[in-house]
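Remarks on the overall topology
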There are 2 protein chains.
Amino acid sequence: MISLHYVPFQEFQRIKNLKCTPIQRSQIFATYCRINTLYMIKRAGSGHIGSSFSSLDIVSWLFTNELQLNHQKDPKISADIYFSSKGHDVPGLYATLLGLGFIEFDLLHSLRRLDGLPGHPDVSIPFMETNTGPLGMGISKAKGMAAANRLQGKTSQIYVLTGDGELQEGQFWESLPSAVNKRLGELTVIVDHNKIQSDTWVTKVSDLGNIEKKFESFGWHVDRCDGHNLEAFSSALQKFKGITDRPKILIADTIKGKGISFMEHTSMKPEDQLYRFHSGAPDDDIYNRGVKELTELANRQLNNTGAEPLKLETKDQPIRTLPTNPERLVTAYSKALVEQAERNPKLVVLDADLLLDCGLIPFQERFSDRFFECGIAEQDMVSQAGGMALKGLLPVVHSFACFLSTRPNEQIYNNATEKTKVIYVGSLAGLLPSAPGHSHQSVRDISVLSAIPRMILVEPCNEAEVALALDFCLNRTSESCYLRLVSIPCEIPYRLPQKYDLELGKGIPLTEGNDAILFGYGPILLSQAYQASMILADRHRIGLKVINLPWLNRIDEVWLKKIITNYKYIFTLDNHYIFGGQGQLISSLLCDIDASIPVKKFGLTDIPLCGQNDEVLKAHRLDAESLAQNIFQTMKEKVL
Amino acid sequence: MISLHYVPFQEFQRIKNLKCTPIQRSQIFATYCRINTLYMIKRAGSGHIGSSFSSLDIVSWLFTNELQLNHQKDPKISADIYFSSKGHDVPGLYATLLGLGFIEFDLLHSLRRLDGLPGHPDVSIPFMETNTGPLGMGISKAKGMAAANRLQGKTSQIYVLTGDGELQEGQFWESLPSAVNKRLGELTVIVDHNKIQSDTWVTKVSDLGNIEKKFESFGWHVDRCDGHNLEAFSSALQKFKGITDRPKILIADTIKGKGISFMEHTSMKPEDQLYRFHSGAPDDDIYNRGVKELTELANRQLNNTGAEPLKLETKDQPIRTLPTNPERLVTAYSKALVEQAERNPKLVVLDADLLLDCGLIPFQERFSDRFFECGIAEQDMVSQAGGMALKGLLPVVHSFACFLSTRPNEQIYNNATEKTKVIYVGSLAGLLPSAPGHSHQSVRDISVLSAIPRMILVEPCNEAEVALALDFCLNRTSESCYLRLVSIPCEIPYRLPQKYDLELGKGIPLTEGNDAILFGYGPILLSQAYQASMILADRHRIGLKVINLPWLNRIDEVWLKKIITNYKYIFTLDNHYIFGGQGQLISSLLCDIDASIPVKKFGLTDIPLCGQNDEVLKAHRLDAESLAQNIFQTMKEKVL
């Protein structure tokens, strides 16, 4: 077990009264916040260190010296507004608000936990002005707030922090002109220009060119400064105050991972392909070295003001049981994709800055000429794929399911109307991981894609089925496909038969049982259903047949009719909103085939919770125990 | 009856051999094409004259003098590619291709007809390189084509025409950087800079500022010329040929409606708020004056080369029966919106360049400070609305349903996760009008929005219900709402009771009948169902009870169970894909309430056809007669 260290609230109180300049105080404050950010992320097991650290000097200064805040939440007060458009730097923002006492300090210990601090900003938390996490929406949101303020006679300043990778999103540019046309002088955008996006250098992913010139050409007032130099930063903001007839943009040159030497992107070696501290918690050694560096820095900063050294407090890292022998579907996909590409020279791969997460590194290394990194530009990526398909290629398009299914939704449909074949692969599908929160939990993708004609949606339930599903998509249908992939490592209690192969619209039993039948898909919930089946058998002698039905919008009616024969109850289980999910499709088909068996649908009915995987699964009553109880109760009332 | 005039194919053949310069020939060709464009649009009853005319000199020149085309469709040939990203200028492109014999000339007479020339480009028609109509996708598509060409060793030039209003779309800017980073010298973008977008001046809607400077700041090579001066245009293209290391953009200054004096935007008077010839067919008088002007122009141009005057051919305008006493839901909405706004000062309205079509002119005139014209920037609009809602306003957001539901789909969900209240109003919903084609036929909007938590989808069935539905959305629920509006004028055979009011999840019978029950919504298909009910009663003594169920994602189960009691068969009728529509929801609920009644769902199963409303309704077997036959057959087989 490792001990984790944090700066307690009284330390933040203490530095309020230090004899020092505002800049010195803000620097100490920011170092404290970095220690607490590292603590929160290590404790949570995930979170974005790199961009929390690159933005922390800016955020600390704004909250300690610039913003006029409205603690009373009095709607009549013209309070200033700050939010981060990228949103994944929120651990740094939380640390700031915790240090100032604006958020209950105890929440320090519950980043990304149920009832704790969500993985991305959510307006349920004080001073979170808007929900961010999906990129590029910030300036639009701010313009709406400015319009509301003006109508209501308020004169607040609005500060929006953006990433630099985020500038690849079309909405960012779409949002610029009207801020100029409406002369939104109350709007200040700060670009946290840390040069590194999710995977690697912005210039490598999709070079933005001369951004100063771009912003100027859009009519914004532009300035640039070192985002870690508070003299420069505060004086740039001071100069901005004189400009009231135009929106302003400050390019703050920052260092990703700033504060811990070996996390700073400037320490990357020429041979380093990927930046390592964008997301995810550090291991124990890195954590210890990091906290040591930061503590030493804090003590030097304190010492410069003549103050006593920092007194950290300590908590044990909670023990987390990890799956011992998990299956990794994305890794299996990665391998299958390369194998397919060996056989098909027309296969090309497109990615939207999620190279690592989507398992594309082996493909990129093997087939660099057939790999297209599109940056955080999903609409552009999908329409490019459409163009490639029209000219004879077989494009396979990647992003997280939450983004891929919705941001370029019209573009996917446009491709579909051309009757070409495009494969879309959405990873990070479903409720889990639940730590990043609702912007990343893709529980609506089936509904937004299902109705597209000539598109088959399929989700494999284990590594073996991944290769079969990809093969089906590429070689066994003329239709476009959406391959839905769970990203978390899963301990999977079932195996598929040796000779198993996919048949469109048909599923396969994972357990036997004569009383009720449950249809589901994907590794997470089928594993829970499998265990529920064991519980029901042991505890209640109820036989629950669990069916892996990987098809999300095609079900073979003859097969369905046959497999439900003699069952008293049907359950469906969606790693998705019940609305628009597989369960709704199954129950609607039962009418078509004149079957009269009661159906109960399990799945999500409201915005999914943020937290650790097991606690969220349980909170939504989708864990094995809850499912077993629910199935037992339902059957007891209805048919037993 | 009016006679319509067109330039026959032999006239196009004749000018091939005229003794004149290529520019003179192209000018005559373009005038011919303008006559035929006007003919096609007048004959079709709709279409975009303004931008067809502004781009026709460019398009004619490209096809007669620049492009290396691949008539054999030999995949090995490096043929040049041209397409229009905006796509609604396609009548002009069709006229060009018809004049060159690249499309069977007889199709001249069937613009926007079943099996004719679609309202927006579709790859089923020769030389239509990609499906456009939704805006901003063109450069992305072209980049995909360029990538495919390069991989396959081809060296084609790719020309993409864009609008200027189109530059408001984020995807346009999103698509620019990688073309530079990949040095796509084979890509030439021509901006048809006609200064007018759907409603009015681009500068008035959302001023683009200095576009030359913008494109340059993105690293593109930029030039500018008069788009009607072929010397200037061709010499600009000539200069572009020397630049092979960068993509190129040519800003072609053009005149919307160019060629017919009173259609030219330069003839607009200072007091003219709206440009009148963006879409829609001209009336008889305007048509006659227009064709006269163009014919005189052609004859002057011919005379300059010493050639004989133009010999037009003539066809009678087909007689079209219009509804004699139609209801107009958008007009009713327009009135209801102003009434609601009088009562609620927090109500604000956002629009995406469809002021006229969405019925917003009365609101804009009455409440100019609460009206926000966002331009063709749906994502920005929706996120702005989110910001307004967070700061205490009640935003009502407008666009065509096809765009509003899909382009900003992630933004709508992001707003929903903030649990604020935003009203979305999607007009032009459903299969009809079918003349614009699949990019505009919104038959997927229910599916892409239904699963969003805390959002109610409602579609009124006549003018009276529009006001009730808007009142419900604004005042009778705390949830966000999507108000789905049919835009075509409808002859409606039913009336709602005097004291009718909406009850969430419940419907109301429009006809009585004891044999089968049909659920539907909206004026178009409920009118067909009503008539089908009459046919079934007269012809087969089958009593079909037609229910208006305006709720698209909420159905009261108790009400449903009660109303279907004693019926032998349930029919559902979706002005939408069956997938994700109301019928699927109803049939899935029947299982939940243990009802065992067979259900048959009517609606769309594949990409909707383009054509006149009546012929398309019939082709999809959704007209009264087809419905009656289908219902009779189904019942005969199953229950009679």
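For the structure itself, look to the data block above.
Nothing here was measured: the structure is a model prediction, and the numbers come from that model. (Residues numbered from 1 in each chain as written. Chains lettered and ligands numbered in written order. Predicted model: local features only at pLDDT ≥ 70, side-chain atom pairs only at ≥ 80, totals over all residues. Heavy atoms only, no water.)

Residue and element names in this part refer to chain A. The interhelical angle for the contact between helix α12 (residues 329–343) and helix α18 (residues 463–475), taken along N-to-C directions, is 40 degrees, at an axis separation of 9 Å. With respect to the hand of their crossing, α12 and α18 are arranged in right-handed fashion. Note on element contacts: α18 touches α12 through Glu463, Val466, Ala467, Leu470, Asp471, Leu474 and Asn475, opposite Leu329, Ala332, Tyr333, Ala336, Leu337, Gln340 and Arg343. (Axes fitted to C-alpha atoms, helices over the stretch in contact; angles between N-to-C directions. Helix = DSSP H or I, 4+ residues; strand = E, 2+ residues; numbered from the N terminus. Left-handed = near helix turned anticlockwise from the far one by under 90°. Contact = heavy atoms within 4.5 Å.)

Moving on, we get to the relation of the copies chain A and chain B. Both copies of the chain are related by one operation, a rotation about an axis with a shift along it. Mapping chain A onto chain B is achieved by rotating through 180 degrees and translating by 0.0 Å along the same axis, at an RMSD of 0.0 Å. Expressed as a symmetry operation, the mapping of one chain copy onto the other fits a two-fold axis. Both copies contact each other with a shared surface, as 100% of the interface residues of chain A are interface residues in chain B too. (Least-squares fit on C-alpha atoms with pLDDT ≥ 70 in both.)

Residue and element names in this part refer to chain A. On the basis of which strands lie adjacent, the open sheet formed by five strands has the order β14-β16-β15-β17-β18 and mixed pairing. Taken across any chain shown, the strands that pair with only one partner, and hence form the sheet edges, are β14 (508–509) and β18 (599–604). Looking at chain direction, β14 and strand β16 (residues 544–548) are connected through two bridges and run antiparallel. Note that in β16 the partner of Ile508 across the bridge is Asn548. (Pairing = 2+ DSSP bridges.)

So, on to the side chain of A:Gln528. Relative to the assigned elements, A:Gln528 resides in helix α19 (residues 523–540). Apart from the residues within four sequence positions on either side, A:Gln528 is in contact with A:Leu617, A:Leu622, A:Asp623, A:Ala624 and A:Leu627.

A word on the interface of chain A and chain B. Between chain A and chain B, the contact holds 98 residues from the first and 99 residues from the second. Buried surface at the junction of chain A and chain B, both sides included, amounts to about 8200 Å², of which 54% is carbon and sulfur. For the chain A face of the interface with chain B, the top three residues by lost area are A:Glu174, A:Lys391 and A:Glu410, together amounting to 9%. Ionic pairing is found between B:Glu410 and A:Arg407, a salt bridge with its closest N-O pair at 2.5 Å. Run the count over chain A and chain B and you get 45 residue pairs in polar contact (both at pLDDT 80 or more). By residue number, the principal contributor to the side of chain A that touches chain B is helix α14 (residues 378–390) of chain A, which donates nine residues. Partitioned by chemical class, the residues of the side of chain A that touches chain B number 35 nonpolar, 34 polar and 29 charged. (Buried area = accessible area lost by both parts, 1.4 Å probe. Salt bridge = Lys/Arg side-chain N within 4 Å of Asp/Glu carboxyl O. Polar contact = N/O pair within 3.5 Å; in protein donor to acceptor, adjacent residues only side chain to side chain. Nonpolar A, V, L, I, M, F, W, Y, C, P; charged D, E, K, R; others polar.)

Inspection of the entire model under this criterion finds 45 aromatic pairs over all chains. Measuring from ring centre to ring centre gives 6.2 Å for A:Phe400 and A:Phe403, while their planes differ by 35 degrees; the resulting arrangement is tilted. Comparing A:Phe400 with A:Phe403 shows no difference in burial state: the two are buried. Judged by centre distance (4.9 Å) and plane angle (25 degrees), the ring pair of A:Tyr569 and A:Phe571 falls under stacked. For A:Tyr569, a relative accessible area of 3% translates into the label buried. Exposure remark for A:Phe571: the relative accessible area of 0% places this residue in the buried category. Each member of the aromatic cluster is reached from another via a ring pair, and the members are A:Phe172, A:Trp173, A:Phe215, A:Phe218, B:Phe172, B:Trp173, B:Phe215 and B:Phe218. Positioned above the aromatic ring of A:Phe262, the side-chain terminus of A:Arg289 is 4.3 Å from the ring centre. Between the NZ or CZ atom of B:Lys214 and the centre of the ring of A:Phe218, over which it lies, the distance is 4.0 Å. (Phe/Tyr/Trp six-rings, centres within 6.5 Å; stacked < 30°, edge-to-face > 60°. Buried < 20%, exposed > 50% of the residue type's maximum accessible area, 1.4 Å probe, protein only. Lys NZ or Arg CZ within 6 Å of the ring centre and 35° of its normal.)

All names here are of chain A. Strands sit in the order β2-β3-β4-β6-β5 across an open sheet of five strands; the sheet is parallel. Of all strands in the sheet, those bounded by a partner on one side alone are β2 (81–84) and β5 (221–226). Between one strand axis and the next, the sheet turns by 20 degrees as a mean value, whatever way the strands run. Examined bridge by bridge, β2 and strand β3 (residues 158–162) share four bridges and lie parallel to one another. Paired with Ser84 across the bridge in β3 is Leu161. Sheet strands in contact with helix α5 (residues 138–151) are β2, β3 and β4 (187–193), and its direction is about 175 degrees off that of β3.

Here the focus is unusual backbone geometry. Note that the residue after A:Leu432, namely A:Pro433, is joined by a cis bond; omega there is 5 degrees. Along the polypeptide, A:Pro433 turns up in the loop between β11 (423–427) and α17 (445–450). Of note in the backbone geometry, A:Arg621 takes a positive phi value of approximately 55 degrees without being a glycine. Along the polypeptide, A:Arg621 turns up in the loop between α22 (613–619) and α23 (624–638). With a phi angle near 60 degrees, B:Arg454 is a residue other than glycine that sits in the positive phi range. For B:Arg454, the location among the structural elements is in the loop between α17 (445–449) and β12 (455–458). On the accessibility criterion, B:Arg454 (33% relative accessible area) is partly exposed.

Let us look at the pattern of salt bridges. Under the definition given, this model contains 64 salt bridges over all chains. Between B:Arg407 and B:Glu169 there is a salt bridge, with its nearest N and O atoms 3.2 Å apart. Of the two residues, B:Arg407 is situated in the loop between α15 (401–406) and α16 (409–417) and B:Glu169 in the loop between β3 (158–162) and α6 (170–174); the sequence distance between them amounts to 238 residues. Linked by salt bridges that have partners in common, A:Lys195, A:Glu212, A:Arg224 and A:Asp253 make up one network.

This part takes up the state of the cysteines. Residues and elements named next belong to chain A. Going through the model one piece at a time under the given rule, you end up with zero disulfides over all chains. Free cysteine Cys225: the closest other cysteine sulfur is in Cys33, separated by 19 Å. With a relative accessible area of 8%, Cys225 lands in the buried category. Not engaged in a disulfide, the cysteine Cys358 finds its nearest cysteine sulfur in Cys402; these two sulfurs lie 10.0 Å apart. For Cys358, a relative accessible area of 3% puts it in the buried group. (Disulfide = S-S within 2.5 Å.)

Its place among the elements puts B:Leu585 in helix α21 (residues 582–592). For the pair B:Leu585 and B:Ile555, spaced 30 residues apart in the sequence, the C-alpha separation amounts to 8.3 Å. Once you skip the residues sitting within four places of it in the chain, B:Leu585 turns out to touch A:Phe579, A:Gln584, B:Leu552, B:Asn553, B:Arg554 and B:Ile555.

Residue and element names in this part refer to chain A. Extensive coverage of strand β10 (residues 394–400) is indicated by the burial of seven of its seven residues. Across five bridges, β10 lies against β11 in parallel orientation. For His398, the partnering residue across the bridge sits in β11 and is Val425.

With that out of the way, let us pick up the packing of helix α19 (residues 523–540) of chain B against helix α23 (residues 624–638) of chain B. Residue and element names in this part refer to chain B. Interaxial distance between α19 and α23 falls to 8 Å at its minimum, and their mutual angle equals 55 degrees. What the angle tells us is that α19 and α23 run oblique. The two elements α19 and α23 meet at a crossing, and its hand is right-handed. Contacts between α19 and α23 involve Gln528, Ala529, Gln531, Ala532, Ile535, Leu536, Arg539 and His540 on the former and, on the latter, Ala624, Glu625, Leu627, Ala628, Ile631 and Phe632. (Parallel < 35°, antiparallel > 145°, perpendicular 65-115°, else oblique.)

Geometry only, nothing functional implied.
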